Amino acid sequence: MNSLSDTAMILMILSDLALLGMGVLGMHIRIIAVQGWVLGAFTLLVQHAHLTPRVAAIALVSVAVKGALYPYLLRRSVQESEAVRESKPYVGYNTSVTAGLVMVIISLWLGVRLPFAAAVDTPLVVASSLVTMFTGLALAVTRRKALTQCIGYIVFENGIYIFGMAIVGEIPMLVELGLLLDAFVAVLVMGVAIYRINRQFDHMDADELRSLRG
Amino acid sequence: MEGTVGRGCAGPVGGRQRVSERAVGGGKPGAAMRVESVINIALALTLAPLMQGVINRVKALFAGRTGQPLLQPYFDLSRLLRKSAVFSTTTSWVFRAGPMVGLGCVLVALCVLPFAGVPSVFGFGADLILLVYLFALMRFFTVAAALDTGSAFEGMGASREVLFSALSEPALLLCLLYLARTTGSLSLSDMLAQPSAITPSLILVLVALGIVYLCENARIPFDDPNTHLELTMIHEVMVLDHSGPDFAFIQYSAALKLWILGALIVGMAVPIPPALPWWLNHALYLAGMFALSVVVGMVESTMARLRLNRVPQLLVAACALSGLAFVLVLR
């Protein structure tokens, strides 16, 4: 594969590590937007040999939704909740980054060995998709704020997107749109939920939700 | 701590290895090369304080001041050398040994440092390890001298210095390992002699090395070289009690350390076009060093010092960047 899409994948891994190592919500949202743009460019790069209007449409939709719409919605919920940064994650930032680095090593190892690797031109794609999925999972599990958990969900979806784009080649448009719609609904629901939680409890710390139990 | 002392013993072992190495690969470096290597050391010895001068000048320009003369670090050194040293009665020989061992370490490090594509004077098989451990030995003695004064303030600085170096050392080693992996050699002279292609992973390594550079030399996001008696400082607090020639030694070794690590960065970032006359190569590298000092000056003028508990985060980021680059070339 050309070095440009390699660069895109390295950018994805770097942005994942940055997500793991940072706690400022505004920064998270910015990184999500960057990931959306990188994914759009990656779609075009990986399919540049047979560039159909369909592929272009997928790239365009993913940039529009992930690079513009999600960040807009998320930023609005941040403004509503007046939260600036993640407070006391369950796993510290430095530990998270180290875990992410270990995950990079494991996924590169896996990327070379998994049977479908022959279909992919570079193991870096598989590796970065696995790392992105892991990052999404880690964000959803180890952070307290509902917003960061929602961001984790989007990052997880990004990982699946890379995987599908690289392994299956042309994923059926319908599947991709379905995925996008899922994530979109998740963001909307999260937005509403964050608003509700915030109004009810003056914060959006998901850990405190257990006080709802009767 | 004993381990650090033990590491210092790598010197003589390395020396033996060097002799055999030279016997094996004796045909490669010609007599002319040796002269240029010695010229490189002379260049470093004379121009290293100038780098600090350039950094200070850039900072002054950014702040809208005229700034001190470019040669001010030299004036400071000569002034300090003419003074006499004052030793507290509570200190022992460890306190007096600190500055001298530090200067000795950087001088030896200078001997294994290639510059402008010219191999080093004493380069041998795995001198990159020696380079890292020489800095560790220098730090150990600076810390020991600081602890020897018995001042609580200096002990605090020593503790911080050790904490941060424990995080910056892996990053530095990973950067050097990356270089070793891409060039297939463990000798600094070979590693920096080959022109390196600009790849994404090289940029990662350069960024990581830049962070390490600022941390190791106690520059601004980590430490402020200009402040004294402030609770957030790290390196300056450890050398508060040194005076006269001892302090001049410390200042001079700091300047040389700035030069040595800078030469590493410039050596990786500047691709050497083959078949250039040696003086043009040198001009290219000196321009690179000048550009590096300007960049450091700009970083120092535009950034504020990090909060102390955020410093490890930045160093972990440097480790992550260099580790990622290393993993990328490892596959």
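Just so we're clear, the structure is a prediction, and the values are computed from it rather than from any experiment.

1. A look at the overall build of chain A
Step number 1: Each helix and strand counted, chain A has seven helices and zero strands in total.
Step number 2: In chain A, the succession of helices and strands from N to C terminus is α-α-α-α-α-α-α.
Step number 3: Looking at chain A as a whole, 43% of its 214 residues qualify as buried.
Step number 4: The long-range share in chain A, meaning contacts at least 24 apart out of those at least 6 apart in sequence, stands at 73%.

2. Remarks on the overall build of chain B
Step number 1: A count of helical and extended segments in chain B gives 13 helices and zero strands.
Step number 2: Listing every helix and strand of chain B by position from the N terminus yields α-α-α-α-α-α-α-α-α-α-α-α-α.
Step number 3: When each of the 331 residues of chain B is scored for burial, the buried share is 46%.
Step number 4: The long-range fraction of contacts in chain B, counting pairs at least 24 apart against all pairs at least 6 apart in sequence, stands at 80%.

3. Remarks on helix H4 (residues 93–113) of chain A
Step number 1: For H4 of chain A, with 21 residues, the first-to-last C-alpha span of 30 Å sits near the 30 Å given by 1.5 Å per residue.
Step number 2: When we look at burial in H4 of chain A, the residues that qualify are Ser96, Val97, Gly100, Leu101, Met103, Val104, Ser107, Leu108 and Gly111 of chain A. Buried residues of H4 of chain A, viewed axially, fall in a sector of 160°; they line one side. Across H4 of chain A from its buried face, at more than 90 degrees, point the exposed residues Val102 and Arg113 of chain A.
Step number 3: Those residues of H4 of chain A that are buried are in contact with helix H1 (3–21) and helix H5 (123–142) of chain A together with helix H13 (311–330) of chain B.

4. Quick look at the nonpolar core
Step number 1: Ranked by internal contacts, the top residues of the largest apolar core, which has 151 residues, are Cys175, Ala208, Ile260 and Leu324 of chain B.
Step number 2: Counting residues per element, this core draws most heavily on helix H11 (residues 244–269) of chain B, at 17 residues.
Step number 3: Those residues in contact with leucine 324 of chain B, other than ones at most four positions away along the chain, are Ile13, Leu101 and Val104 of chain A together with Leu204 of chain B.

5. A few points about the interface of chain A and chain B
Step number 1: If you look at the interface, chain A gives 15 residues, while chain B gives 10 residues.
Step number 2: Counting only elements with at least two residues in the side of chain A that touches chain B, the list comes to H1 and H4 of chain A.
Step number 3: Counting residues per element, the side of chain A that touches chain B draws most heavily on H4 of chain A, at eight residues.
Step number 4: Here the side of chain A that touches chain B is composed, by residue class, of 11 nonpolar, three polar and one charged.

6. A few points about the packing of helix H9 (residues 200–216) of chain B against H11 of chain B
Residue and element names in this part refer to chain B.
Step number 1: Closest axis-to-axis distance for the H9/H11 pair is 10 Å, and the angle between their directions is 175°. In terms of axis orientation, H9 runs roughly antiparallel to H11. Contacts from Leu206, Leu209, Gly210, Tyr213 and Glu216 of H9 reach H11 at Lys257, Leu261, Gly262, Leu264, Ile265, Met268 and Ala269.
Step number 2: Residue composition of the contact of H9 with H11, grouped by class: eight nonpolar, two polar and two charged.

7. Let's talk about the confidence of the model for chain B
All names here are of chain B.
Step number 1: Summing up the model confidence of chain B, the mean pLDDT is 81 and the portion of residues at 70 or higher is 86%.
Step number 2: Across residues 1–32, where pLDDT falls below 50, the model places 21 contacts with residues more than four positions away in sequence or in other chains.
Step number 3: This complex was scored by the predictor with a pTM of 0.80 and an ipTM of 0.75.

8. Side note on the environment of methionine 22 of chain A
Residues and elements named next belong to chain A.
Step number 1: Within the secondary structure layout, methionine 22 lies in the loop between H1 and helix H2 (25–46).
Step number 2: Between the alpha carbons of methionine 22 and valine 189 there is a distance of 24 Å; along the sequence they are 167 residues apart.
Step number 3: Apart from the residues lying within four places of it in its own chain, the contact partners of methionine 22 are Met27 and His28.

9. With respect to the environment of isoleucine 234 of chain B
All names here are of chain B.
Step number 1: Topologically, isoleucine 234 is positioned in the loop between H9 and helix H10 (235–238).
Step number 2: Its 22 C-beta neighbours within 10 Å are what place isoleucine 234 among the buried residues.
Step number 3: When the C-alpha atoms of isoleucine 234 and isoleucine 260 are compared, they prove to be 21 Å apart, with 26 residues separating the residues in sequence.
Step number 4: Excluding residues that lie within four positions of it along the chain, isoleucine 234 makes contacts with Gly157, Arg160, Glu161, Phe164, Ala218, Phe222 and Asp223.

10. Remarks on the environment of glycine 117 of chain B
All names here are of chain B.
Step number 1: Structurally, glycine 117 can be placed in the loop between helix H5 (93–111) and helix H6 (127–148).
Step number 2: The class for glycine 117 is buried, based on 22 C-beta atoms found within 10 Å.
Step number 3: As a C-alpha pair, glycine 117 and threonine 302 span 185 residues in sequence and 33 Å in three-dimensional space.

11. Concerning the packing of H4 of chain A against H5 of chain A
Residue and element names in this part refer to chain A.
Step number 1: Here H4 crosses H5 at 145°, and the two axes come no closer than 8 Å. Here the hand of the crossing between H4 and H5 comes out right-handed. In this structure, H4 uses Ser96, Ala99, Gly100, Met103, Val104, Ser107, Leu108, Leu110, Gly111 and Val112 to contact H5, whose residues at the interface are Pro123, Leu124, Val126, Ala127, Leu130, Val131, Phe134, Thr135, Ala138 and Thr142.
Step number 2: Partitioning the contact of H4 with H5 into residue classes produces 14 nonpolar, six polar and no charged.

12. A short note on unusual backbone geometry
Trans is the prevailing form of peptide bonds, just as negative phi is the prevailing case for residues other than glycine.
Step number 1: For alanine 218 of chain B, which is not glycine, the phi torsion reads 55° and is therefore positive.
Step number 2: Topologically, alanine 218 of chain B is positioned in the loop between H9 and H10.

Cut-offs applied
Residues numbered from 1 in each chain as written. Chains lettered and ligands numbered in written order. Predicted model: local features only at pLDDT ≥ 70, side-chain atom pairs only at ≥ 80, totals over all residues. Helix = DSSP H or I, 4+ residues; strand = E, 2+ residues; numbered from the N terminus. Buried ≥ 20, exposed ≤ 12 C-beta atoms within 10 Å, placed from the backbone. Contact = placed C-beta atoms within 7 Å. Expected span 1.5 Å × (residues − 1). Arc of directions from axis to C-beta. Core = buried A, V, L, I, M, F, W, Y, C linked by C-beta atoms within 7 Å. Nonpolar A, V, L, I, M, F, W, Y, C, P; charged D, E, K, R; others polar. Axes fitted to C-alpha atoms, helices over the stretch in contact; angles between N-to-C directions. Parallel < 35°, antiparallel > 145°, perpendicular 65-115°, else oblique. pLDDT = per-residue confidence, 0-100. Left-handed = near helix turned anticlockwise from the far one by under 90°.

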